[in-house]
Amino acid sequence: MACQREAVRLSTAVRPAHVHANVPIVSAADVDLLRLPPPAPPHPVAKPGFVGREAEIDRLAKLMDSDRRVHVLAGPPGIGKTSIALAAAGKVSGALWVPARDTVSFVEAMAAVAREIGVDEASVARCREMCGSRLDDDAAGPRAFAWTLVREEALRNTDGRRRMLVIDGADDPDAYLQILQEAVSLPSSRWLTVVTTSYTATALLPAGVHHETVEPPSREECAAILLGRVPDLDPSRHEAALPVAEQTAELLGRLPLAVHVAGSQHGSPVVRHTLTAYADELKGHAGADPVRVAVRLATDAVSADRLAALAVLRLLAAMAPAAPFPLDMLDAAADRMPDDPEIRRGWRTLRDTGLLEFGVDNGVHVATLHPLVGAAVAGGEPGPDPAAALDAATRALDTPSEPALRVWLLLVPHVQRVLAEDGPASGAALRAACRTVRHLLRRGMYRVAAALADRAVERSATLAPDNPDRLGALLHRGLARQALGRYRPALQDVRQVATIERRRRGAPDPAARARRLEIEYHLAAILHDCGARGGLVRAERLLRAVRKLRSDLLGPDHPDTLTTGYRLGLVLQAAGRPREALAELDAVVAARSQEHPDTLTAMQARAYARQAIGGADSLRQAGQDFKQVLDLRIGVLGEYHPNTLITQHNLAWVEQAKGRYVAAETLFRDVLALQLRRCGPDHPHTLATAANLAWDLLQRKQFAPSRQLFEQVLRIRERRLGLNHPDTQTTRGNLGWLTYEEGKLDEAVDRLTDLVSDRVRSLGAEHPRTLTTRHNLALSLRSQRKYDEALDQFDEVLRIQSRVIGPGHESTLSTTYNYAVTLRMHGGDKMLDRSIDMFGEVLDRQLTVFSSRHPSVVQTREQLIAALRQRGTAADLDRASDERTPSRAAQALSRHRTDREYDDEPRPPLSRDPLLAALLAG
């Protein structure tokens, strides 16, 4: 019972015999974090019924039998690079297809490739959550991480099988060069990477990359492509049509895309005319762009449905080029835009014309417009407003039965494109962006959401400060920043929105009231995450008001009302009032389905509150609570979800709190290894586990690795949270106690004195964390033989603890015990008398919780015997003899336990410990 350790962040009472490692439960965004569905298998590579260019296709497929490492197919858009690669991959067993049109799609597909070749689910999930976007300044980072996953597994794989990895559409120069640099690192004995690109520069190609420029096919091959698009063409008709097909191909400049459109037009059931007439029509457009001519003729031939078809083409042309668009969203846009042409009828008309490609992307039915086709239809009369279409589609899909994550990911590049248009951003574009940000945050795609939110705020700068759409963009940027742990800038955004909303005049309608309550809730949540005492007071006041109004407006059991109650419980816990927190959390759990993710979060917070209250068997009960939550979380969220891992961490923490340090270290290491792969080295949950592992090492006198871990945690927390955030202060306290244990008493006193001042200022003099620091400062002063100063600290801490958390709480008993030890060491009859009384009080209370053989009971008995013998009366010596016999047996047992817990095999230096080295490298 030498020191006190702070409990988990949401359980702010102190526990005896420990100092801390912070365990954040969940952030505001984590409350809504649903299980990320696994990425769909890599895009299937099937033979596309391709005709023509057989020599090029066979040559590419035969490279699988060579030592070629990376092969680039380069050429202008529409030349047929993708068709050649697709056809060649269809001839190869186990080929994998990755679109490189944008970072989101690339990382999703590479995550699926990693999963396909055997990478563990935790690493795949982290890869998807790291996914950036073109708006993200660090988009290269997620791409590189995706490559790392595939490369490391590829180097381990020794089954001798060679795969073809096709990366299609690497047209962005930066992404293209990165892809080449990463691809050459794959072992050539097992991988051939084929990259298609319109980027033709060859000066900077890495060694090991073979570059091939794709040339236009011959007249004969183009004729085969054209006639291959016409179904039911028997040999005699094919032979008769061949000369005209060759002439048509030549008139179209032998550009495969234009030839494909022409052939598809003739094979379409809604477009019928003779090939001869088509060739005659082409002669009137000699010298014109072949794709524009082919598109013009195809849309003219649609006749009655021409306007509907053009509406769809122009809508998609205004979106992101070559990025698939979910067909369900086209339908939703049509339903919400009755004044525009019939979009649904338009895309169905286009199904067989070759103007629009239809397929499946990660399980979602999509339509993809080739950029050249989009450029050909972009002129003339404008089509539907893309921002309005996205607004309508996202509004229709923003329901409780919302679509899967991959639908929202497919939408990201289109929203980015609309936001990138010149001129002030429309309200429709901002609303679509905000809905997309919200759903990405719910699914843990924080980086993508943050990049999109940043662009939305940037584009809304020309709007009036109180414009609702600008306020929506600011609010969602604040939520994205909060999800990333950037609490102070998040608070600035949300506070600005709340201030403007409060100034609005007039009675709001129910929808406006609900919106204002949502803003006030988010403001309170961020104030709580910031952790300062004043913020907690304001957060509690706000949450109580919001819950009352939400209950009146929506009902007491509405999800929003319950979420407010849950957050109020967290605030009360952070404020050091676990009994009030437990009452709030009990009510939330009782009102919700047990399997719901939000319920599991509340159940875990309730376990913290129960443990913080203390009492008989509190650790055993906490262990049972965490085990129940873990079993449910594995079923609902999956084994590798961050919240599942933090519950596993809490079970390790219970073992540590029981003094089972070796067992706890093993569990902490298992969790930390998963968190490093799943969450990264600077995720709050990873830091919590690292800090607890450092505390474990400290208890076993392994000071060097403990200090390195604590210092790394402190560096990251100072950078992310600031010097005086409660979590950062906790790590400062840990380092202060470590310094004390190392025998650097003056430095320890200085560290703890500074921390006491900061905690009084930020949390208040009576907060449990402040009392923990003062308790440990008193121990440091006692070690310097500054008994009077130590007694003053102990006396004040004990007085407050007895009033706030009760005389029977473990933390109060810890202070009472150390106060009594200090009195005995100080000497003097009165002090010795008081010391003996206090030891007796502690022992009596301990024996109501622990057996006589528990180490804490043994320790208190030994101190009591020493004090009795020091006073030395006959009665004292008789009592000391009575205490000694059970004490000897208990001491023997304790010594055996200590040997078992501490005398494990020595660990290698930290520099050779791969797990801890990975954390320090982050």
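Please read these numbers as outputs of a predicted model, since none were measured by experiment.

Another point: the packing of helix 30 (residues 661–678) against helix 31 (residues 684–699). Axis separation between helix 30 and helix 31 bottoms out at 9 Å; the angle between their running directions is 155°. Between helix 30 and helix 31, the interaxial angle falls into the category roughly antiparallel. Both helix 30 and helix 31 take part in a crossing whose hand is left-handed. Between helix 30 and helix 31, the residues in contact are Tyr661, Ala664, Glu665, Phe668, Arg669, Val671, Leu672, Gln675 and Leu676 and His685, Thr686, Thr689, Ala690, Asn692, Leu693, Asp696, Leu697 and Gln699, respectively. Split into classes, the residues belonging to the contact of helix 30 with helix 31 amount to 9 nonpolar, 6 polar and 3 charged.

The next thing to look at is the environment of Asp300. Note that Asp300 resides in helix 12 (residues 290–301). Here Asp300 falls in the partly exposed class, since its relative accessible area comes to 35%. Distance in space between the C-alpha atoms of Asp300 and Leu310 is 9.8 Å, their sequence separation being 10 residues.

We now examine helix 7 (residues 173–183). Within helix 7 the residues assigned to the buried category are Ala175, Tyr176, Gln178, Ile179, Leu180, Glu182 and Ala183. For helix 7, the N-terminal cap is Asp172; the gap from its side-chain oxygen to the backbone nitrogen of Asp174 is 3.2 Å.

In this section: the sheet that holds strand 5 (residues 163–168). The 5 strands lie next to each other as 4-5-6-3-7, forming an open sheet whose pairing is parallel. The open sheet is flanked by strand 4 (96–99) and strand 7 (209–213), the only strands paired with a single partner. Sheet twist, expressed as the average angle between the axes of neighbouring strands with direction ignored, equals 20°. Bridge count between strand 3 (residues 70–74) and strand 6 (residues 191–197): 5 bridges; the pairing is parallel. Residue pairing in the sheet places Val72 in a bridge with Val195 of strand 6. Where helix 4 (residues 103–116) meets the sheet, it contacts strand 4 and strand 5, and its direction lies at approximately 160° from that of strand 4.

Below, the discussion takes up the pattern of salt bridges. Any two side chains of opposite charge can pair, given that their charged atoms come close. Summed over all chains, the structure comprises 46 salt bridges. The salt bridge involving Asp631 is made with Lys627; its shortest N-O contact spans 2.9 Å. With Asp631 and Lys627 both in helix 28 (residues 618–636) and 4 residues apart, this pair spans about one turn of that helix. Judged by relative accessible area, Asp631 falls into the partly exposed class, the value being 44%. Lys627 sits in the partly exposed class, given a relative accessible area of 40%.

Moving on: empty space enclosed by the protein. A water-sized probe rolled over the atoms picks out the places where empty space is left. Inspection of the entire model under this criterion finds 6 cavities of 30 Å³ or more. In this structure, the largest cavity encloses a volume near 110 Å³. Within the residue set of the lining of the largest cavity, elements represented by two or more residues are helix 4 and helix 18 (405–419).

This part covers the pairing of strand 9 (residues 357–361). Note that strand 9 and strand 10 (residues 364–368) share 5 bridges and pair antiparallel. By the bridge assignment, Phe358 is partnered in strand 10 with Ala367.

Working note: α-helix, 3.6 residues per turn, so residues spaced by three or four point in the same direction. Taking 1.5 Å of rise per residue, 14 residues should cover 20 Å, and helix 20 (residues 446–459) covers 20 Å from first to last C-alpha, within 8% of that figure. A large share of helix 20 lies buried, amounting to 10 of its 14 residues. Along helix 20, the residues classified as buried are Tyr446, Val448, Ala449, Ala450, Ala451, Leu452, Ala453, Ala456, Val457 and Arg459.

In terms of burial, strand 3 is largely enclosed, as 5 of its 5 residues are buried. Of the two faces of strand 3, the one holding Val70, Val72 and Ala74 and the one holding His71 and Leu73 are both buried throughout.

Here we come to the packing of helix 26 (residues 578–591) against helix 27 (residues 597–613). In contact at an axis separation of 9 Å, helix 26 and helix 27 are set at 155° when each is read in the N-to-C sense. Classified by the angle their axes make, helix 26 and helix 27 are roughly antiparallel. Taken as a pair, helix 26 and helix 27 cross one another with a handedness that is left-handed. Residues Pro578, Arg579, Leu582, Leu585, Asp586, Val588 and Val589 of helix 26 pack against Thr599, Ala602, Met603, Ala605, Arg606, Ala609, Arg610, Ala612 and Ile613 of helix 27. Residue classes in the contact of helix 26 with helix 27 are distributed as 11 nonpolar, 1 polar and 4 charged.

Basis of the calculations
Residues numbered from 1 in each chain as written. Predicted model: local features only at pLDDT ≥ 70, side-chain atom pairs only at ≥ 80, totals over all residues. Heavy atoms only, no water. Axes fitted to C-alpha atoms, helices over the stretch in contact; angles between N-to-C directions. Helix = DSSP H or I, 4+ residues; strand = E, 2+ residues; numbered from the N terminus. Parallel < 35°, antiparallel > 145°, perpendicular 65-115°, else oblique. Left-handed = near helix turned anticlockwise from the far one by under 90°. Contact = heavy atoms within 4.5 Å. Nonpolar A, V, L, I, M, F, W, Y, C, P; charged D, E, K, R; others polar. Buried < 20%, exposed > 50% of the residue type's maximum accessible area, 1.4 Å probe, protein only. Polar contact = N/O pair within 3.5 Å; in protein donor to acceptor, adjacent residues only side chain to side chain. Pairing = 2+ DSSP bridges. Salt bridge = Lys/Arg side-chain N within 4 Å of Asp/Glu carboxyl O. 1 Å grid on protein atoms, 1.4 Å probe; cavity = no way out; pocket = protein on both sides within 12 Å on 5 of 7 lines; lining within 4 Å. Points joined across faces, edges and corners; volume = space filled by probe spheres on them. Expected span 1.5 Å × (residues − 1).

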